[in-house]
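Here is what each chain is made of, one letter per residue.
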Amino acid sequence: MTNGLKFTTEHWTIISTRLSGILKLNLPRDVLEVPSETPLPVPTERALLRSSSQTGSFSEISIEDRRNRMIKNGYRATKGKITVQLSLVETVNEVVFTHYSNLETSHLETLLDALKDSLSFSYTVTRNTTLHSKLQKTGLTELLQRLETQVMSSYLRILFRMYSETVDDADLRRQISESRVIPLCHDFLVEYLKVGIDGPDSATKRIMGYTPIIVQILRGLNDLYDDQFLSHLPKFYNLLCDLMLSHHKDIREVLREILSRIGKMKQIS
């Protein structure tokens, strides 16, 4: 993308549309299928005889071996798709922040929609407890959570950048960003607090892995302009107070900055 400065609006339209399409097409939706229930073809009599002569037993061992191979191959293919999805998210991030000034608002919306689809997918998968237990020994659960956090981080970064816009199509970009980023941040903080306090041990361990995202959200809120910050403060204030109980130093440090800012703006410190 080093030649981005030479691209026209039409070029960027093609790039954003195709990159968005690839992101959506590459979503590892097959992970939602239950591998253990993969149907297998009924072996023929010849196949049974061949299996018997090779293994010393009939189809039970042969079918089980084939099932295991199918499941293993399925996991390998899914892992490959997730890895590609991670690379695509990095590409979107690079495109946006290397060539932000060259992108139209419509280009940013196209890429945001693709990231939102990826985020919604990974969010659904990581919170499916049945699927989580089936995938726990495959290494896919950690990879899927990594996908969710990376997509979330990129999505938030773009939205907060648009919300701070002062030049290019500023009003529209702020409006688009506000409608997405404020509800997302609020809901994510609510879930983080609720699961961290009331959830089962497995859910608590998972949600605590999102601590860097919480820090990113808090820093994003604290970087808002004063009028933006004050307008959304009532929506977040109680959540900020609850987060003070967090044992994570990084969270408490950002909270201190936010509370100090509130004190100065309200002339109480």
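Structural data are supplied above this passage.
All values reported here derive from a predicted model rather than from experimental measurement.

## A word on helix 9 (residues 211–222)
- Spanning 12 residues, helix 9 covers 17 Å between terminal C-alpha atoms, matching the ideal 16 Å at 1.5 Å per step.
- Counted residue by residue, helix 9 has 9 buried out of 12 residues, so it is predominantly covered.
- If you check which residues of helix 9 are buried, you get Thr-211, Ile-213, Ile-214, Val-215, Ile-217, Leu-218, Gly-220, Leu-221 and Asn-222.

## Topic: a negative patch on the surface
- There is a patch of like negative charges on the surface, built from Glu-104, Asp-168, Asp-169 and Asp-171.
- Residue classification places Asp-169 among the partly exposed residues on the basis of a relative accessible area of 41%.

## A few points about the nonpolar core
- Core analysis: the biggest nonpolar cluster contains 68 residues, and Leu-156, Ile-217, Leu-218 and Leu-243 have the highest contact counts within it.
- With 13 residues, the single largest contributor to this core is helix 6 (residues 140–163).
- Not counting residues within four places of it along the chain, the set of residues in contact with Leu-243 comprises Leu-189, Tyr-192, Leu-193, Ile-214, Leu-218, Ile-251 and Leu-255.

## Regarding the packing of helix 9 against helix 11 (residues 249–265)
- Contact geometry for helix 9 and helix 11: axes closest at 9 Å, N-to-C directions at 15°. In terms of their interaxial angle, helix 9 and helix 11 are classed as roughly parallel. Considering the relative orientation of helix 9 and helix 11, their crossing is left-handed. Taken together, the residues of helix 11 that come into contact with helix 9 (itself represented by Thr-211, Ile-214, Val-215, Leu-218, Arg-219, Leu-221 and Asn-222) are Asp-250, Ile-251, Val-254, Leu-255, Glu-257, Ile-258 and Arg-261.
- Split into classes, the residues belonging to the contact of helix 9 with helix 11 amount to 8 nonpolar, 2 polar and 4 charged.

The rules behind the values
Note that residues are indexed from 1 along each chain, following the sequence as it is written. Only residues with pLDDT of at least 70 are given local features in this predicted model, and only at 80 or more are side-chain atom pairs given and counted; all residues enter the totals for whole chains, interfaces and linings. Each side-chain value is derived from all of the structure's non-hydrogen atoms; neither hydrogens nor water enter the calculation. Put simply, DSSP H or I for four residues or longer makes a helix, DSSP E for two residues or longer makes a strand, and each gets a number counted from the N terminus. Helix span, as expected, comes to 1.5 Å for every residue beyond the first. For each residue, the accessible area found with a 1.4 Å probe, counting protein chains only, is set against the maximum for its type, and the residue is called buried under 20%, exposed over 50%, and partly exposed in between. For patch detection, residues must exceed 30% relative accessible area and be free of salt bridges, and they are connected within 9 Å for like charges or within 5 Å for nonpolar side chains (Val, Leu, Ile, Met, Phe, Trp, Tyr). The method behind every accessible area is Shrake-Rupley, applied with a 1.4 Å probe, and residues are considered shielded solely by the protein chains displayed. By definition here, a salt bridge exists when the distance from a side-chain nitrogen of Lys or Arg to a carboxyl oxygen of Asp or Glu is within 4 Å. We score Asp and Glu as negative and Lys and Arg as positive, and we do not count His or the chain ends. The atom standing in for a charge is NZ when the residue is Lys, CZ when it is Arg, CG when it is Asp and CD when it is Glu. Note on terminology: a nonpolar core comprises buried Ala, Val, Leu, Ile, Met, Phe, Trp, Tyr and Cys residues joined through side-chain atoms within 4.5 Å. Contacts are assigned to residue pairs that have any heavy atoms within 4.5 Å of one another. The convention used is that axes are lines fitted to C-alpha atoms, helices contributing only their stretch in contact, and that angles between N-to-C directions extend from 0 to 180 degrees. By the definition adopted for this analysis, an angle is roughly parallel if under 35 degrees, roughly antiparallel if over 145, roughly perpendicular if from 65 to 115, and oblique otherwise. In this scheme, a crossing is called left-handed if the near helix is turned counterclockwise away from the far one by less than a right angle; it is called right-handed if the turn is clockwise. All amino acids are sorted into three groups, where Ala, Val, Leu, Ile, Met, Phe, Trp, Tyr, Cys and Pro are nonpolar, Asp, Glu, Lys and Arg are charged, and the leftover types, Gly among them, are polar.

It is worth stressing that arrangement in space is one thing and function is another; only the former is reported here.
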